[in-house]
Amino acid sequence: MLDLLAGPFLDYGFMRRALVGCLALSLGACPLGVLLVLRRMSLVGDAMAHAILPGAAIGFLVAGLSIVAMTIGGVVTGLTVALLAGLVSRLTPLREDASFAAFYLVSLGLGVLLVSVRGSSVDLLHVLFGTVLALDNAALFLIAAIASVTMLTLALIHRALIVECLDPGFLRAVGGHGMLVHMLFLALVVLNLVGGFHALGTLMVVGIMMLPAASARFWSENVAGQMAIASLLGFAACVTGLLFSYHHSLPASPAIILAAGAIYGASVLLGRHGSLLASALRLRHLQH
Amino acid sequence: MRLHDLTLTYRRHPAVHHLSGRFAPGSLTALVGPNGAGKSTLLKAIMGAMRPHSGRLELEGIGRQDIAYLPQIAELDRSFPINVLDLVALGAWRRVGMFGRLAGSHVEQAREAIAAVGLAGFERRVIGTLSGGQLQRALFARMLLQDARLLLLDEPFAAVDARTTRDLLALIARWHGEGRTIVAVLHDLELVRAHFPEALLIAREPVAWGATASALSPANLLAARRMSEAWDEAALPCAQAA
């Protein structure tokens, strides 16, 4: 049993690298996911992940499979789309989710087109689904650095972020810089999606951000608790997914997301707060 | 706080026209008017969340940090996972700031404020489990902690039970006694007549401002209702400015 669980990580360096990368990713991305859920911006994360694609593709066209070029390209287009979508929803009656959807569909089309101009379908798969089992040092350092920056920044602006979401009028009244905090937050989201896309690919990286976050809501009733639980669940999903893909020779990134999905399903059914089981128990409690 | 020919716009439509006057220090004023009369807009302008379209707003020695604002309860995300103690402790923001550490004394003050509004024992309750009245009590506790000189209340008694209204009115009376300046948006005219010495009646334009009994005379109320009915989307440009 132990061999089944620990063996792959002990025997193979690429599994250990994948594990470390996933740990860093869970520590950075999952708390951001919790905030995205609380701010009713779940779909925005999805949109931004797709918005990274054309930038990464341009980086790929210019410099080949270079982490630096693809990262810079991804950050630039991700932030651009976030800004443009925010601008459109502010200046026109179109609602924010709709304007985000419009931008990310365009980005997705543009990105796939760009990659296929010069790359092979293997390259396209690499960008869309990542290479968690082939993380090199540069990618690992990038993911770890992004996780560190994310945790430090979140610690700094935590209070303002929470108040901006709970009671924006109050933050305005006490002179907090709501807009600035919001922009910083969006920048963190883009950074983490870019870091994560090397591991899980642009299509799957949102899963590790949102699924554990949505699950955590069923296990804790305060923001800090939800963040910690989300990171824990995210890491658990990564380990499970990696092992499953190793033993059954399946692609790792979808296995990780499916593991996160299974955890989400279990949380909806069995979680402590607001899950179907918790509601049923409360109903019985009230009836007796 | 003095208003000079103040005109405010909401989403580029004029919301309050040519308002001049003064909230005297220590005054307790009810802001009354039909729906869409610009009451909330006026409060937001006073707290500095929006710039006047024209005219001036003179705070007469009160800084932004001396203003406490109670939003309409509907503006709050009630599903947010935060407990009563944390919500109330936000009132210490001016002393703690965005980055500072919440000291034990602040928590103690928050507990006292919670007890003062009759919510003792609810400290660890998540706000989503509170009734409208209980949540409003918690928000008043936060204002207690803010210890502000100018208090702006936007519909403090909407969706609140009678007993809570009575308790919160007592709190407002206490603040008034302490010499704080208070402006509250209200709908219940009986309540205004009974508890608020001064009233400002607006319907996009100021109708009356002064002692409550005269400001809320039947003639003025009728005028306010007429003005709000006459106002329609087509007549947006400011008539007086033309």
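Residues numbered from 1 in each chain as written. Chains lettered and ligands numbered in written order. Predicted model: local features only at pLDDT ≥ 70, side-chain atom pairs only at ≥ 80, totals over all residues. Heavy atoms only, no water.

Residue and element names in this part refer to chain A. Packing of helix H1 (residues 2-11) against helix H10 (residues 223-248) leaves a shortest axis separation of 10 Å and a crossing angle of 85°. When the axis of H1 is compared with that of H10, the two are roughly perpendicular. Where H1 abuts H10, its residues Leu-4, Leu-5, Pro-8 and Phe-9 lie against Val-239, Leu-242, Leu-243, Tyr-246 and His-247. Taken together, the residues of the contact of H1 with H10 break down into 8 nonpolar, 1 polar and no charged. (Axes fitted to C-alpha atoms, helices over the stretch in contact; angles between N-to-C directions. Helix = DSSP H or I, 4+ residues; strand = E, 2+ residues; numbered from the N terminus. Parallel < 35°, antiparallel > 145°, perpendicular 65-115°, else oblique. Contact = heavy atoms within 4.5 Å. Nonpolar A, V, L, I, M, F, W, Y, C, P; charged D, E, K, R; others polar.)

In this section: the packing of helix H5 (residues 132-146) of chain B against helix H6 (residues 162-177) of chain B. All names here are of chain B. With their axes 10 Å apart at the nearest point, H5 and H6 run at an angle of 15° to one another. Here H5 lies roughly parallel to H6, going by the angle between them. Of the two possible hands of crossing, H5 and H6 adopt the one that is left-handed. Contacts between H5 and H6 involve Gly-133, Gln-136, Arg-137, Phe-140, Met-143 and Leu-144 from the former and Arg-163, Thr-164, Asp-167, Leu-168, Leu-171, Ile-172, Arg-174 and Trp-175 from the latter. By residue class, the composition of the contact of H5 with H6 is 7 nonpolar, 3 polar and 4 charged. (Left-handed = near helix turned anticlockwise from the far one by under 90°.)

We now examine the pairing of strand S5 (residues 67-70) of chain B. Residue and element names in this part refer to chain B. With burial as the criterion, each face of S5 is covered, one bearing Ile-67 and Tyr-69 and the other bearing Ala-68 and Leu-70. Relative to strand S6 (residues 150-154), S5 runs parallel, the two being bridged by 4 bridges. Bridge pairing links Ala-68 to Leu-151 in S6. (Buried < 20%, exposed > 50% of the residue type's maximum accessible area, 1.4 Å probe, protein only. Pairing = 2+ DSSP bridges.)

All names here are of chain B. Read from one edge to the other, the open sheet built from 6 strands follows the order S5-S6-S7-S3-S8-S9, with strand pairing classed as mixed. Of all strands in the sheet, those with a lone pairing partner are S5 and strand S9 (205-211), marking the two edges. The mean inter-strand angle of the sheet, taken between neighbouring strand axes irrespective of direction, is 15°. Relative to the sheet, helix H1 (residues 39-46) contacts strand S3 (28-32), S5, S6, strand S7 (181-185) and strand S8 (198-203), its axis offset from that of S6 by approximately 150°. Contacting S3, S6 and S7, H6 runs over the sheet at an angle of about 150° to S7.

The interface of chain A with chain B comprises 25 residues on the first partner and 28 residues on the second. Linking chain A to chain B there are 2 salt bridges. Here Arg142(B) ties to Asp167(A) by a salt bridge, and the two come within 2.7 Å at their closest N and O atoms. Our enumeration of links across chain A and chain B arrives at 4 residue pairs in polar contact (both at pLDDT 80 or more). For the side of chain A that touches chain B, the secondary-structure elements that each account for two or more residues are helix H7 (137-166), helix H8 (168-173) and H10 of chain A. Top element by residues in the side of chain A that touches chain B is H7(A). It accounts for 8 residues. Here the residues of the side of chain A that touches chain B sort into 16 nonpolar, 4 polar and 5 charged. (Salt bridge = Lys/Arg side-chain N within 4 Å of Asp/Glu carboxyl O. Polar contact = N/O pair within 3.5 Å; in protein donor to acceptor, adjacent residues only side chain to side chain.)

Turning our attention to the packing of aromatic side chains. Scanning the model with the defined rule gives 5 aromatic pairs over all chains in all. Ring geometry for Phe23(B) versus Trp209(B): centroids 4.8 Å apart, planes at 55°, classification tilted. Taken together, the residues span a long stretch of sequence, with Phe23(B) in the loop between strand S2 (13-22) and S3 and Trp209(B) in strand S9 at a distance of 186 residues. Of the residues examined, Phe23(B) reaches a relative accessible area of 2% and is grouped as buried. Under the relative-accessibility criterion, Trp209(B) is labelled partly exposed at 24%. One aromatic cluster is present, built from ring pairs that chain together Tyr12(A), Phe14(A) and Tyr246(A). Its guanidinium or amino end placed over the ring of Phe185(A), Arg39(A) lies 4.9 Å from that ring's centre, counting from NZ or CZ. (Phe/Tyr/Trp six-rings, centres within 6.5 Å; stacked < 30°, edge-to-face > 60°. Lys NZ or Arg CZ within 6 Å of the ring centre and 35° of its normal.)

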